[in-house]
Protein chains: 2
Amino acid sequence: MTPRPSSRFMECLQYAAHKHRDQRRKDPAQTPYVNHVINVSTILAVEACIEDEAVLMAAILHDVVEDTDATFADLEALFGADVCDLVREVTDDKSLEKQERKRLQIANAAKTSPRAKLIKLADKLDNLRDLLVNTPQGWTEERRELYFVWAKQVVDNLRGTNTNLELKLDEIFRQRGLL
Amino acid sequence: MTPRPSSRFMECLQYAAHKHRDQRRKDPAQTPYVNHVINVSTILAVEACIEDEAVLMAAILHDVVEDTDATFADLEALFGADVCDLVREVTDDKSLEKQERKRLQIANAAKTSPRAKLIKLADKLDNLRDLLVNTPQGWTEERRELYFVWAKQVVDNLRGTNTNLELKLDEIFRQRGLL
Ligand SMILES: [Mn+2]
Ligand SMILES: [Mn+2]
């Protein structure tokens, strides 16, 4: 059998595109938000050679609870417990204050399961690639620089997960003088 | 092996999302254009039970030559001749005047290959579903009504391709008093 997207993968892609339809990235071009989650899943399939469908689906869904009205109960009913649990592992608790969430991302990274670590690495890689070429609207240069520093602290706690992704992240950190 | 999206499928999805990034649908909510091509491919996978990866990829790419700077040479180099030829079959000749293109869609529908007919049916189904709930920005009610009439003429020349899709299209035509 040739690999092909399953109908549940397509449903999850359609669901994420629909839920994120009103959101845009912070780049000056106002790229649709769904492009980011497509990038994260594509990084995993193409650059990390991941064939685990649940991981590729969770990558598509990784921001849908954090940033839209979707709930974990929705995801579990629609896509099953495995996909839902992966999304839960990569979702920040939005009831906490922003600085506390950023601190927890560093602290919690090491405790994450290996499959969820893959999604976190790919998420950081796509965000940092964006940040290399764009300063988000309303950000100062200092805020941008601090994002690289913070992202490296998170990534340092995700290491030993996927050589390709870590090499590509390190290339970026080197470029920014952080390694 | 579990079905899973291949890296070429993910690359094609990422490519289409990137190429269409500045385009929006004509609905009042300005939905990202990529949502439409995701819907068309999802309709084929979920509602028509298509497992032919090249057809699902061509559905993702079906408007990329017509509406962005992508060329058939790009598609052939990136995704191969089979996918490229399917996209060619569903691409209007933009050098022609709009009314002539609409006339040709009716005339050419019957000559299309069965795999390309699937994409045309799913494309019409997603467009008509949109049109049932939204009047596109700048359209009069009459223009909207004429779109349903024209779409039925195209669909009538695509029949005998997929029962599920044709039943769902007919439900819409019935709802609009055209059947
Ligand atoms: Mn993200
Ligand atoms: Mn279309």
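So, here's what we can say about the structure. All figures in this text were calculated on a predicted structure; none of them were measured in a lab.

Some details on the pattern of salt bridges
Residues and elements named next belong to chain A.
Logical step 1: Summed over the entire model, instances satisfying the criterion amount to 32 salt bridges over all chains.
Logical step 2: In this structure, the salt-bridge partner of D69 is K19, at a minimum N-O distance of 2.8 Å. Of this pair, D69 sits in the loop between α4 (64–67) and α5 (72–79) while K19 sits in helix α1 (residues 7–19), and the two are 50 residues apart along the sequence.
Logical step 3: K19 gets classed as partly exposed once you look at its relative accessible area, which sits at 24%.
Logical step 4: A salt bridge links R159 to D156; the nearest nitrogen and oxygen atoms lie 2.8 Å apart.
Logical step 5: Taken together, the shared-partner salt bridges in this structure form one network comprising K152, D156, R159 and D170.

Notes on the interface of chain B and chain A
Logical step 1: Across the boundary between the two partners, chain B contributes 32 residues, which contact 32 residues of chain A.
Logical step 2: When chain B packs against chain A, close to 2900 Å² is buried across both sides, 67% of that on carbon and sulfur atoms.
Logical step 3: Taken together, the links from chain B to chain A amount to 2 salt bridges.
Logical step 4: A salt bridge links E51 of chain A to R4 of chain B, with the nearest nitrogen and oxygen atoms 3.5 Å apart.
Logical step 5: Among the elements of the structure, α1 (7–19), α2 (33–47) and α3 (53–60) of chain B are those that each provide at least two residues to the side of chain B that touches chain A.
Logical step 6: Grouping the constituent residues of the side of chain B that touches chain A by class yields 14 nonpolar, 11 polar and 7 charged.

Conventions we followed
- Residues numbered from 1 in each chain as written.
- Chains lettered and ligands numbered in written order.
- Predicted model: local features only at pLDDT ≥ 70, side-chain atom pairs only at ≥ 80, totals over all residues.
- Heavy atoms only, no water.
- Salt bridge = Lys/Arg side-chain N within 4 Å of Asp/Glu carboxyl O.
- Helix = DSSP H or I, 4+ residues; strand = E, 2+ residues; numbered from the N terminus.
- Buried < 20%, exposed > 50% of the residue type's maximum accessible area, 1.4 Å probe, protein only.
- Contact = heavy atoms within 4.5 Å.
- Buried area = accessible area lost by both parts, 1.4 Å probe.
- Nonpolar A, V, L, I, M, F, W, Y, C, P; charged D, E, K, R; others polar.

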